[in-house]
Amino acid sequence: MPKTLVILISALLLAVTVTAQDDPIVVEFSYPTSTDNPAAEIFERYAADFNAANPDIRVVPVFAGGYDDITAAARNSVENGVPGPDVAVLLTVDLFDFIDNGYITPAQQFIDAMPNGDAYVDDFFPAFMANSVDGEGTIWTMPFQRSTPILFYNKRLFREAGLDPEQPPRNGEELIEYAALLTDPEEDRYGVYIPSAGFPYWMFQSFAIAHGQNVMDQSPTAVFLNDADVVEALEFFMSLTEEHGVMAPGALSFFDAPTEFYEERAAMIYYTTGGLTTILETADFEVGVGFLPSGPADENGLGYGAPTGGGNLYIFSNTTPEEQAAAWRWVEYLTSPEIQADWTVNTGYIAARQSAWETEPLADLLASRPEYAIARDQLEYARKEMTTHDGIRVRAILNDALAAVIAGEMEPAAALDMAQADADEVLEPYRE
């Protein structure tokens, strides 16, 4: 072979090798949307900025439908070896299903390698970190798209009803009182709209927490579905329709809540803070926001209670260590104070890091729109979202019980007794 040809071939091989080594690691990032916000536009912007600053990584954002769609795709990828996400926003309540099936790798290993790992973790609100850890305290996922449901109300209708538009109801008794004044059959308007289809267990948790007993505690093996306080909470919820007539009967859709509010068929709604920005910008009336007044008044006249909600960032286990390390750098970026602040401003989801609230543009927004602080401040009354082993089945059991009561097929106590027995049967294999 001529020497010049050997040199040419060697040069080409070297070029190919260098090019291959210089190719960025591709990180597929799947995200859902369950609220009305411009998530696609926001994530494309984030990815463009991140990729420019990190030329060795190329993040590809993929809108993958709802949370359930991403969960199904991720499971299929891990179990069957088909292409799928490297990192995704998934519901916090799916944590133990993904741990038990070996689908994800713990964030703890990356945090332990950080020079400031403890400070990084301590900056997150504890109420959000509660859904990130297992029973031994290992951190598996990081808060990102976090929320609580909050109360949205129509200030114009408050004024017309003789109510102070700056003082929303503070407890269950006031909720009924306010809703009664706001209900107007001639205008086809109810005083309050509380979704019971879409994420029924989540909205119901507000009432259970406010009545003194969350439907579960820190253990992923125990639920308290037929506790006396939980039964009382469901009875109160049903009284809004059956006794007081201030809420429409039947299963009310989570996804229809904003429309019912905009069109003034509901004067108050329970809805996720993740829709705050869109609701404030869309409604053609002045919108008020407040804590959820779901329970009996305490000595201070307060009856608040809320679950945390939303999604965390999960890194999947069926990728290479290099891909997982690249995915973690994307997670660090998304959870940075600056991005958390920007995400809150553009969506209304709660910035999960405390320092984000002192970061622009969020700090400036709070000065002019204090509504954005409501969900953050409500974290004082918030508790862990329902998360257990075999969580899909356990949540379905509670959802079915709630649906039976709402449909008039069962009484609250009987439905929750049955749900408790069924949930105990599911969870028993996981108990020591």
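The preceding data block contains the structure.
What counts, and where the lines are drawn
- Residues numbered from 1 in each chain as written.
- Predicted model: local features only at pLDDT ≥ 70, side-chain atom pairs only at ≥ 80, totals over all residues.
- Heavy atoms only, no water.
- Pairing = 2+ DSSP bridges.
- Helix = DSSP H or I, 4+ residues; strand = E, 2+ residues; numbered from the N terminus.
- Axes fitted to C-alpha atoms, helices over the stretch in contact; angles between N-to-C directions.
- Contact = heavy atoms within 4.5 Å.
- Phe/Tyr/Trp six-rings, centres within 6.5 Å; stacked < 30°, edge-to-face > 60°.
- Buried < 20%, exposed > 50% of the residue type's maximum accessible area, 1.4 Å probe, protein only.
- Salt bridge = Lys/Arg side-chain N within 4 Å of Asp/Glu carboxyl O.
- Patch = residues over 30% accessible without salt bridge, like charges linked within 9 Å, V, L, I, M, F, W, Y side chains within 5 Å.
- Areas by Shrake-Rupley, 256 points an atom, 1.4 Å probe, with all protein chains shown as cover.
- Lys, Arg positive; Asp, Glu negative; His and termini not counted.
- Charge placed at Lys NZ, Arg CZ, Asp CG, Glu CD.

Caption draft 1: Representation of the sheet that holds strand β7 (residues 266–272) in the model. Taken in spatial order, the four strands of this open sheet run β6-β7-β5-β8, and their pairing is mixed. Looking at which strands have only one partner, the edges of the open sheet turn out to be β6 (190–193) and β8 (287–290). In this sheet, adjacent strand axes meet at a mean angle of 20° when their direction is disregarded. Alignment of strand β5 (residues 149–154) against β8, held across four bridges, turns out to be antiparallel. Bridge pairing in β8 places Leu-151 opposite Gly-290. Its contacts with the sheet put helix α10 (residues 200–210) on β5 and β7, and the angle it makes with β7 is roughly 105°.

Caption draft 2: Structural detail: the packing of aromatic side chains. For the structure shown, the criterion picks out 36 aromatic pairs. On the numbers, 5.1 Å between centres and 70° between planes, the contact of Phe-29 with Phe-43 is edge-to-face. Of this pair, Phe-29 sits in strand β1 (residues 25–31) while Phe-43 sits in helix α2 (residues 39–53), placing them 14 residues apart in sequence. Given the relative accessible area of 0%, Phe-43 is considered buried. With centroids separated by 5.3 Å and ring planes inclined at 10°, the aromatic side chains of Phe-110 and Trp-328 adopt a geometry described as stacked. One end of the pair, Phe-110, is in helix α5 (residues 108–112); the other, Trp-328, is in helix α14 (residues 321–334), and 218 residues separate them in sequence.

Caption draft 3: Highlighting the pattern of salt bridges. Under the counting rule described, the total for this entry stands at 18 salt bridges. Taking the shortest distance from any N to any O, the salt bridge between Arg-353 and Asp-123 comes out at 2.9 Å. Residue Arg-353 is found in the loop between α15 (337–347) and α16 (362–368), and its partner Asp-123 is found in the loop between α6 (117–122) and α7 (126–129); the two are separated by 230 residues along the sequence. With respect to class, Arg-353 is no different from Asp-123; both count as buried. Residues Arg-431 and Glu-428 are paired through a salt bridge, measuring 3.2 Å at the closest nitrogen-oxygen approach. Its relative accessible area of 28% is what places Arg-431 among the partly exposed residues. Where salt bridges share partners, they join Lys-155, Arg-159, Glu-166 and Glu-286 into one cluster.

Caption draft 4: A negative patch on the surface, seen in detail. On the surface, a cluster of negative charge is contributed by Glu-232, Glu-235, Glu-242 and Glu-411. Looking at where Glu-235 falls in the secondary structure, it is placed in helix α11 (residues 228–242).

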